[in-house]
Amino acid sequence: MRKTIVAGNWKMNKTPSEAKALIEELKPLVASETSDVVFCVPAIDIIPAMIAAKDSNICIGAENMYFEEKGAYTGEISPNMLNDAGVKYVIIGH
């Protein structure tokens, strides 16, 4: 049976420490064997959010991604960067 995915993004909210605390608070509230919860967070929150979500049904995604693998694209994040960090979800075109 396929799992349901519930996803949302945080926009420009939550510092890394706030993201970690929120995920710790939400983990028991969203625990489910039949669904995954995806929080697409600001790039600065990805690593601490992934650490906080470890061993739960919460997955961490990115709010954006630029299609180039590398280059002089100030402030952008590439598919390779996200993949290396373990990110499997990205919201594109919103």
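Thresholds, definitions, all that
Residue indices begin from 1 for each chain and proceed along its sequence in written order. Note on the predicted model: pLDDT of at least 70 is required for a residue's local features to be given, and 80 or more for side-chain atom pairs to be given and counted; whole-chain, interface and lining totals, by contrast, use all residues. Only hydrogens and water are removed before side-chain values are computed, so all heavy atoms of the structure are retained for them. Working definition: rings of Phe, Tyr and Trp (its six-membered ring) pair if their centres are within 6.5 Å, and the pair is stacked with planes under 30 degrees apart, edge-to-face with planes over 60 apart, and tilted otherwise. Note on conventions: DSSP H or I runs of at least 4 residues are helices, E runs of at least 2 residues are strands, and numbering of each starts at the N terminus. Note on classification: 1.4 Å probe, protein chains only; a residue is buried when its accessible area is under 20% of the maximum for its type, exposed when over 50%, partly exposed between these limits. It is the directions from the helix axis to the C-beta atoms whose arc is reported. By this definition, two strands are paired if DSSP reports at least two bridges between them. In what follows, a contact means two residues having at least one pair of non-hydrogen atoms within 4.5 Å. Here the axes come from fitting lines to C-alpha atoms, over the contacting stretch only for helices, and the angles between their N-to-C directions go from 0 to 180 degrees. Handedness of a crossover is defined as follows: with both strands directed away from the viewer, a clockwise route from the first strand across the helix to the second makes it right-handed.

What am I meant to see in the packing of aromatic side chains here?
For any pair of aromatic rings, the description consists of the separation of the ring centres together with the inter-plane angle of the planes. Enumeration over the complete set of coordinates arrives at 3 aromatic pairs. Relative to Phe39, the ring of Trp10 lies with its centre 5.5 Å away and its plane at 45 degrees, an arrangement referred to as tilted. Of the two residues, Trp10 is situated in the loop between strand 1 (4-9) and helix 1 (16-30) and Phe39 in strand 2 (residues 35-41); the sequence distance between them amounts to 29 residues. Taking relative accessible area as the criterion, Trp10 reaches 12% and is therefore assigned buried. With a centroid separation of 4.7 Å and an interplanar angle of 40 degrees, the aromatic rings of Tyr66 and Tyr73 are classed as tilted.

Whenever I open this one, helix 2 (residues 46-53) confuses me. Can you help?
Because the α-helix completes a turn every 3.6 residues, residues three or four places apart line up on one side. Considered for burial, the residues of helix 2 that qualify are Ile46, Ala49, Ala52 and Ala53. Within helix 2, the buried residues cover an arc of 130 degrees as seen down the axis, which keeps them to one side. Trailing helix 2 by a residue or two, Asp55 shows a phi angle of about 60 degrees, which is positive.

I'm lost on unusual backbone geometry in this one. Help?
Residues apart from glycine generally show negative phi values, whereas peptide bonds are mostly found in trans. At Lys11, a position not held by glycine, the phi torsion is positive, near 55 degrees. Residue placement: Lys11 occurs in the loop between strand 1 and helix 1. Residue Lys14 is not a glycine yet carries a positive backbone phi of 80 degrees. Of note, Lys14 is situated in the loop between strand 1 and helix 1.

Whenever I open this one, the sheet that holds strand 2 confuses me. Can you help?
Either a parallel or an antiparallel arrangement is found when strands of a sheet pair, and the pairing is made through backbone hydrogen bonds. Pairing is parallel in the open sheet, where 4 strands are placed in the order 1-2-3-4. Both edges of this open sheet fall to strand 1 and strand 4 (89-90), since each of them pairs with a single strand only. Two strands pair when backbone bridges link them, and strand 2 and strand 3 (residues 58-62) are joined in this way by 5 bridges, in the parallel orientation. Bridge pairing in strand 3 places Phe39 opposite Ile60. Strands strand 2 and strand 3 of the sheet are contacted by helix 1, whose axis makes an angle of about 130 degrees with strand 3. Along the sheet, helix 2 makes contact with strand 2 and strand 3, crossing strand 3 at roughly 170 degrees.

Before we go on, may I ask you to explain the pairing of strand 2 in this structure?
Among the 7 residues that make up strand 2, 7 are buried, leaving the element largely enclosed by the rest of the structure. The two faces of strand 2 match: Ser35, Val37, Phe39 and Val41 on one face and Asp36, Val38 and Cys40 on the other face are all buried. Of the pairings in the sheet, the one linking strand 1 to strand 2 comprises 6 bridges and is parallel in character. If you follow Gly8 over to strand 2, its bridge partner there is Phe39. Assessed by its sense of winding, the connection that carries the chain from strand 1 through helix 1 to strand 2 is right-handed. Handedness of the crossover joining strand 2 and strand 3 through helix 2 is recorded here as right-handed.

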